[in-house]
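The residues making up each chain are set out below.
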Amino acid sequence: MSSGARQPSVASFETSSDMLCSMSALRIRIELNKGRVGMPFGKLARVCQEATKFLEMLCEDLELPEGDAWLAEEFENASLMFDVRHGIQIDPVAAEVARQAMGMVFGETSEYLPVAVKIRTETRRQFRKMTRALDPDEYMRIGVYRGDEHRPDRWYEIQRSDAVELTEGIIDRGTYGEVQGVVNAFFKEAQPPYVRIRELSTGNLVKCFFRADQYQAAVELLEDKDAVVFVEGWLREDASTGATREVRVEDFTPAVEFDERAVEALYGAVPDYTGSLTSEQFVERIRGDR
């Protein structure tokens with residue numbers, strides 16, 4: 001989110017034994033037009049249309065029941081307030097995961113990595129489209145219910161300015177990460193200087209800007225023209241696609257040359273590591289596939 005919006009952290013959700021005994025409701029509350037009288041029907045229709053598409057995409061990401069499943073209810077006047085409830089009672093663990101995912105999208109965070117990786121960039125982008133119908137000085141509030149309580153557990157404020165900022169050019173989310181690829185070009189006279197990396201996973205070209213004290217490390221990347229390198233630092237992404245376009249470099253690390261014999265020597269080195277599970281079952285449990 002931009003600095004104009006509050007960025008609350010997501011509440012830590014715990015799964016208790018009594019939660020597992022019954023199905024759970026998944027609900028949010030939306031507040032529009034706070035402090036104003038009436039709301040143009042076209043504006044309301046656009047917000048609801050984009051909100052519906054976002055919720056459907058999030059259901060797809062989290063493998064929740066889809067279809068025409070979201071119901072609007074519990075309307076209030078003054079500020080326009082209403083609940084949006086998933087029409088199908090779902091497994092309580094899946095509901096908690098969905099609440100975590102919503103909190104990360106609404107708060108523009110990725111603090112619960114196993115859940116964050118399930119959320120597509122397109123889904124986050126769709127959420128921002130909801131605000132395009134708002135006035136520049138207007139914000140909407142979205143509350144996430146934790147269960148069947150009467151009030152949302154946590155509220156998020158989202159402004160139109162966020163959507164405008166995030167739909168043009170290259171954006172900086174304050175994300176720290178890494179790209180892996182081969183050096184495509186070196187621009188030592190640019191200000192600041194940078195190396196251009198062709199990312200292995202996507203084939204995209206990424207500009208990696210480095211400081212003066214990192215110059216020698218950058219030059220050393222050129223010693224082997226086919227070498228794979230890891231570039232670690234602060235990422236900036238394409239607003240329209242979510243792809244990494246720039247890195248403010250903190251570290252360059254050449255990849256270690258692959259040695260198949262060394263890898264094969266590790267097979268069976270820790271035979272009891274997975275306990276009673278097979279290797280496949282152990283990996284599935286870590287990934288959350290089962």
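Residues numbered from 1 in each chain as written. Predicted model: local features only at pLDDT ≥ 70, side-chain atom pairs only at ≥ 80, totals over all residues. Heavy atoms only, no water.

## A look at the pattern of salt bridges
Reasoning step 1: Per the counting criterion, the structure on display carries 12 salt bridges.
Reasoning step 2: Note that Arg211 is salt-bridged to Glu250, the shortest N-O span being 3.8 Å. In this pair, Arg211 is assigned in the loop between β8 (205-209) and α6 (215-220) and Glu250 in strand β10 (residues 244-254), connecting sequence segments 39 residues apart.
Reasoning step 3: A relative accessible area of 39% means that Arg211 is categorised as partly exposed. (Salt bridge = Lys/Arg side-chain N within 4 Å of Asp/Glu carboxyl O. Helix = DSSP H or I, 4+ residues; strand = E, 2+ residues; numbered from the N terminus. Buried < 20%, exposed > 50% of the residue type's maximum accessible area, 1.4 Å probe, protein only.)

## Section: unusual backbone geometry
Reasoning step 1: In this structure, the amide linkage connecting Gln191 to the following residue, Pro192, adopts the cis form with an omega of -5 degrees.
Reasoning step 2: Inspection of the secondary structure assignment puts Pro192 in the loop between β6 (170-187) and β7 (194-199).
Reasoning step 3: With phi around 60 degrees, Glu63 is a residue other than glycine that occupies positive phi space.
Reasoning step 4: In this fold, Glu63 is placed in the loop between α1 (41-62) and β2 (70-76).
Reasoning step 5: Although it is not a glycine, Glu74 sits at a positive phi angle of roughly 55 degrees.
Reasoning step 6: Inspection of the secondary structure assignment puts Glu74 in strand β2.
Reasoning step 7: Assessed through its relative accessible area of 53%, Glu74 is described here as exposed.

## Focus: the sheet that holds β8
Reasoning step 1: Spatially, 5 strands are ordered β6-β7-β8-β10-β9 in a closed barrel, and the strand pairing comes out mixed. Across the sheet, the mean angle separating the axes of adjacent strands is 50 degrees when strand polarity is ignored. (Pairing = 2+ DSSP bridges. Axes fitted to C-alpha atoms, helices over the stretch in contact; angles between N-to-C directions.)

## A word on the packing of α1 against helix α2 (residues 92-107)
Reasoning step 1: Contact pair α1 / α2: the axes reach a minimum separation of 11 Å and the direction vectors enclose 130 degrees. Taken together, α1 and α2 sit at an angle that is classed as oblique. Handedness of the crossing formed by α1 with α2: right-handed. Across the interface between the two elements, Phe54, Leu55, Leu58 and Leu62 from α1 touch Val97, Ala98, Ala101, Met102, Val105 and Phe106 from α2.
Reasoning step 2: Of the residues contributing to the contact of α1 with α2, the split by class is 10 nonpolar, no polar and no charged. (Parallel < 35°, antiparallel > 145°, perpendicular 65-115°, else oblique. Left-handed = near helix turned anticlockwise from the far one by under 90°. Contact = heavy atoms within 4.5 Å. Nonpolar A, V, L, I, M, F, W, Y, C, P; charged D, E, K, R; others polar.)

## Some words on the nonpolar core
Reasoning step 1: Counting 38 residues, the largest nonpolar core has Ile28, Leu32, Met102, Phe106, Met140 and Ile142 as its most contacted members.
Reasoning step 2: Counting residues per element, the ones that place at least two in this core are β1 (27-32), α1, β3 (80-86), α2, α3 (113-116), β4 (139-144) and β5 (154-159). (Core = buried A, V, L, I, M, F, W, Y, C linked by side-chain atoms within 4.5 Å.)

## Some thoughts on the packing of α1 against helix α4 (residues 121-129)
Helix-helix packing is described using two parameters, namely the angle between the two axes and the distance between the axes.
Reasoning step 1: For the pair α1 and α4, interaxial distance at closest approach is 8 Å and the crossing angle is 160 degrees. Relative to α4, the element α1 is oriented roughly antiparallel. For the element pair α1 and α4, the recorded crossing hand is left-handed. Two secondary-structure elements touch here, α1 through Glu50, Lys53, Phe54, Met57, Leu58 and Asp61 and α4 through Glu122, Thr123, Gln126, Phe127 and Lys129.
Reasoning step 2: For the contact of α1 with α4, the residue count by class is 4 nonpolar, 2 polar and 5 charged.

## Some words on the pairing of β3
Consecutive side chains of a regular strand alternate in pointing toward one face of the sheet and then the other.
Reasoning step 1: Burial analysis of β3 places 6 of its 7 residues in the buried class, which makes it a mostly covered element.
Reasoning step 2: Where β1 and β3 come together, 6 bridges link them in antiparallel fashion. The residue bridging Arg29 from the neighbouring strand is Asp83, located in β3.

## Thoughts on the environment of Thr123
Reasoning step 1: Examined against the element boundaries, Thr123 turns out to sit in helix α4.
Reasoning step 2: By relative accessible area, which is 0% here, Thr123 ends up buried.
Reasoning step 3: The spacing of Thr123 and Val105 is 18 residues in sequence and 8.6 Å in space, taken between C-alpha atoms.

## What to know about α2
Reasoning step 1: Between its first and last C-alpha atoms α2 spans 22 Å; for 16 residues at 1.5 Å apiece the expected length is 22 Å, and the two agree.
Reasoning step 2: Taken across its 16 residues, α2 has 13 buried, putting it largely inside the fold.
Reasoning step 3: Regarding α2, its N-cap is Asp91, as a side-chain oxygen of that residue lies 2.9 Å from the backbone nitrogen of Val93 further along.
Reasoning step 4: Looking at the residues trailing α2, positive phi occurs at Glu108, about 55 degrees. (Expected span 1.5 Å × (residues − 1). Polar contact = N/O pair within 3.5 Å; in protein donor to acceptor, adjacent residues only side chain to side chain.)

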